[in-house]
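Remarks on the overall topology
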Amino acid sequence: MTGRSVLAFQERHYTLADLDALAAGLAAELHEQGVRAGDRVAVMSSNRPEFVVALRALWRLGASAVLLSPAWKQGEVRHALALTSPVLAVGDHPVLAEVMPMRHLDEPIDAADPGPAPANDPSSDSVLVFSSGTTGMPKAVRHTHASLAAAVGHWREALQVTPSDRLQVMTPPSHILGLLNIVMALDTGAWIRLHPRFDIDTMLAHIESDRITIEMAVAPIALALSAHPRLESFDLSSLRYIMWCATPVTESVAAAVTARTGVRWVTAYGASELPVISCNDLQDARLDTVGRAVPGVALRIVALDTGEPVGPQAEGEIQVRSESAMAGYLPADSTAAAFTDGWYRTGDVGSVDRDGWLRITDRAKEMIKVRGFQVAPAEVEAVLHGHRAVEDCAVFGVPAGADGEAIVAAVKLSTAVQPDELAALVSDQLASYKRPSRVVVVDEIPRLPSGKVLRRVLKERLWTSV
């Protein structure tokens, strides 16, 4: 192996030349199987070098990657495939292999001469990730090569990443955060280690042995850090900061880690549809905010009732405009409602002060955010409605500390059934993070005449019990 290592996985190390040669080899193989420019290919993979190779191989062909969550069950995968119509599947997950022919990433990939790097049409799709809507099953979010490149540039500038930085990724590569970190690190020339799953001791050991400079943490990772009995025994002096992503900061948890290690925290804010919105000051982060709009991103707050822009300190919906905004959803008819005059509607409620600091105070949408993952209440409700004993139901979220929110299901029953049986039904059909933490039996589900569930009323009624 010649050149500088840019990617590590267990004991394996790769240079950019290694990745390019493997991507060229896989691209040739996929081309033989009929993949052409403009095609979509389903990818359901753990965090591993072959995922990176597959992504780069598809881009060499001018194809786009449909990134499926490794946590999904068969029903969720079938829905995503029906929505995106991929011509082929690549991955290492048995659920995907069950529903369509899959090129398994455990099979050897033959390296080939990569030749000149192909240039993709900036307006063509590069990846499709998934973001649930309040109507139920996930929507596909289309990012072009131009929008993904803009997001990568914004993330690099916000984090001030240079080729001397060293990162590790434990979050799923199908999630916009994991994807962004991988692509940004390789595009910058920074060094990155991939891990197939999260393990707190492995993470801490590699901060020490690999001299990691930037650590990414979603809430469960932050909680694991603060609760680790031997945290002080690890040398974390290489870290510039830890980035708290995907959920609001629990300040007591962050403070406990800083007190024990001396490592500072930084916050940022983004969405699958517009990956990088704001970031905190790296030198003096204010953890009660998600920072200020990154360069290249415009931010405004509009009144919830009129849609008119409001002044500093006033609360309203957070709207954003940026070159990193998605090209649209699949199904395509969902796209129009996500934008107003070119501004992406986040569905989050917040305010911006006179100095540009953004605070998020609520969610206008009814999504439940569990450990950084968005859960659509209607998706869980659809599963519960399938049980013979459930006459009616409604699902909502309640605050749950470092996990963000916990899922509560209120059910009206026609016959007796154990709550655990209903929760198990959800986890049998959907990803584990979508399982209700509590199932509560109620006499009725409050609804408008139109049939819309009054979740706020239901939550207020049940608040003391949950």
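The following paragraphs examine the structure supplied in this document. (Residues numbered from 1 in each chain as written. Predicted model: local features only at pLDDT ≥ 70, side-chain atom pairs only at ≥ 80, totals over all residues. Heavy atoms only, no water.)

This brings us to the packing of helix α7 (residues 200-210) against helix α8 (residues 219-227). Two measures define how a pair of helices packs: the angle their axes make with one another and the distance between the axes. Running from amino to carboxyl end, α7 crosses α8 at an angle of 80°, the nearest separation of the two axes being 10 Å. One element, α7, and the other, α8, form an angle in the roughly perpendicular class. When α7 is examined against α8, the residues Ile 200, Met 203 and Leu 204 are found in contact with a partner set consisting of Ile 221, Ala 224 and Leu 225. (Axes fitted to C-alpha atoms, helices over the stretch in contact; angles between N-to-C directions. Helix = DSSP H or I, 4+ residues; strand = E, 2+ residues; numbered from the N terminus. Parallel < 35°, antiparallel > 145°, perpendicular 65-115°, else oblique. Contact = heavy atoms within 4.5 Å.)

Once that is clear, we can look at the state of the cysteines. Taken as a whole, this structure holds zero disulfides when the rule is applied. Looking at Cys 245, it has no disulfide partner, and the nearest cysteine sulfur is the one in Cys 279, 8.7 Å off. In this structure Cys 245 comes out as buried when scored by relative accessible area, which is 5%. (Disulfide = S-S within 2.5 Å. Buried < 20%, exposed > 50% of the residue type's maximum accessible area, 1.4 Å probe, protein only.)

Attention now moves to the nonpolar core. Counting 107 residues, the largest nonpolar core has Trp 155, Leu 225 and Met 243 as the members making the most contacts within it. Aside from chain neighbours lying at most four places away, what touches Leu 225 is Ile 200, Met 203, Leu 204, Leu 231, Ile 242, Val 257, Arg 260 and Trp 265. (Core = buried A, V, L, I, M, F, W, Y, C linked by side-chain atoms within 4.5 Å.)

The subject of this paragraph is the sheet that holds strand β25 (residues 405-413). Within a sheet, neighbouring strands are paired by backbone hydrogen bonds and run either parallel or antiparallel to one another. The strand order β24-β25-β26 describes an open sheet built from three strands, whose pairing is mixed. Two strands close off the open sheet at either side, each with one partner strand: β24 (390-399) and β26 (438-441). Between one strand and the next, the sheet's axes are offset by a mean angle of 25°, whatever the strand orientation. Pairing of β24 with β25, which is carried by nine bridges, proceeds in the antiparallel orientation. Bridge assignment links Val 390 to a residue of β25, and that residue is Leu 413. Against the sheet, helix α10 (residues 377-385) touches β24 and β25, its axis set at about 145° to β24. The sheet contacts of helix α12 (residues 455-462) involve β24, β25 and β26, and relative to β24 the element is tilted by about 75°. (Pairing = 2+ DSSP bridges.)

For the rest of this paragraph, the subject is the pattern of salt bridges. Taken as a whole and judged by the stated rule, the model has 21 salt bridges. We note a salt bridge from Arg 142 to Asp 125, for which the minimum N-O separation is 2.9 Å. Of this pair, Arg 142 sits in strand β8 (residues 138-144) while Asp 125 sits in strand β7 (residues 125-132), and the two are 17 residues apart along the sequence. Arg 230 is the partner of Asp 201 in a salt bridge, and the nearest nitrogen-oxygen pair spans 3.4 Å. With Asp 201 in helix α7 and Arg 230 in the loop between α8 and β12 (241-244), the pair connects residues that are 29 residues apart, well separated along the chain. Salt bridges linked by common partners bring Arg 12, Arg 48, Glu 50, Asp 92 and Asp 106 together as one network. (Salt bridge = Lys/Arg side-chain N within 4 Å of Asp/Glu carboxyl O.)

Okay, the pairing of β25 next. With seven of nine residues buried, β25 is to be regarded as a mostly interior element. What sits between β24 and β25 in their antiparallel hairpin is a turn of five residues, with Gly 401 showing a positive phi close to 60°. With helix α11 (residues 419-429) bridging β25 and its parallel neighbour β26, the resulting β-α-β unit is right-handed. (Right-handed = clockwise from strand over helix to strand, strands pointing away.)

Turning our eyes to something else, we now look at the sheet that holds strand β1 (residues 5-9). Reading across from one edge, β2-β1-β10-β9-β11-β12-β13-β14-β15 is the order of the nine strands in this open sheet, with mixed pairing throughout. Since the sheet does not close on itself, it has two edges, and those belong to β2 (12-15) and β15 (292-293), each with one partner. Here three bridges tie β1 to strand β10 (residues 191-194), and the two strands are oriented parallel to one another. In the strand pairing of β10, Leu 7 is matched with Ile 192. The sheet contacts of helix α2 (residues 49-61) involve β1, β2 and β10, and relative to β2 the element is tilted by about 25°. Against the sheet, α8 engages β11 (214-217), β12 and β13 (265-269), with an angle of about 110° to β11.

Right, let's talk about the packing of α8 against helix α9 (residues 251-261) for a bit. Across the interface, α8 lies against α9 with an axial gap of 9 Å and an inter-helix angle of 45°. Judged by the angle between their axes, α8 and α9 are oblique. The hand of the α8/α9 crossing is left-handed. Every residue of α9 that contacts α8 at Ala 222, Leu 223, Leu 225, Ser 226 and Ala 227 is listed here: Val 253, Ala 256, Val 257 and Arg 260. Among the residues forming the contact of α8 with α9, the class breakdown is seven nonpolar, one polar and one charged. (Left-handed = near helix turned anticlockwise from the far one by under 90°. Nonpolar A, V, L, I, M, F, W, Y, C, P; charged D, E, K, R; others polar.)

Turning our eyes to something else, we now look at the packing of aromatic side chains. Throughout the structure, instances matching the rule amount to four aromatic pairs. Ring geometry for Trp 72 and Phe 130: centres 5.2 Å apart, planes at 75°, overall edge-to-face. Linking Trp 72 in the loop between β4 (64-67) and α3 (74-84) with Phe 130 in strand β7, this pair joins segments that are 58 residues apart in sequence. Neither Trp 72 nor Phe 130 differs from the other in exposure class; each is buried. Relative to Tyr 433, the ring of Phe 373 has its centre 4.4 Å away and its plane inclined at 15°; by these criteria the two rings are stacked. On the criterion of sequence distance, the pair formed by Phe 373 in strand β23 (residues 373-375) and Tyr 433 in the loop between α11 and β26 is long-range, its members being 60 residues apart. (Phe/Tyr/Trp six-rings, centres within 6.5 Å; stacked < 30°, edge-to-face > 60°.)

Before going further, it helps to spend a moment on α3. When we look at burial in α3, the residues that qualify are Glu 76, Val 77, Ala 80, Leu 81 and Thr 84. For α3, the angular spread of the buried residues around the axis is 130°, confining them to a single face. Positive phi appears at Ser 85, one or two residues downstream of α3, with a value of about 50°. (Arc of directions from axis to C-beta.)

Geometrically, the link from Leu 330 to Pro 331 is a cis peptide bond, its omega value of 0° lying close to zero. Mapped onto the elements, Pro 331 comes out in the loop between β18 (328-330) and β19 (339-340). Not every positive phi belongs to a glycine, and Arg 211 is a case in point at roughly 55°. Here Arg 211 is to be found in the loop between α7 and β11. A positive phi angle, close to 50°, is found at Arg 371, a residue other than glycine.

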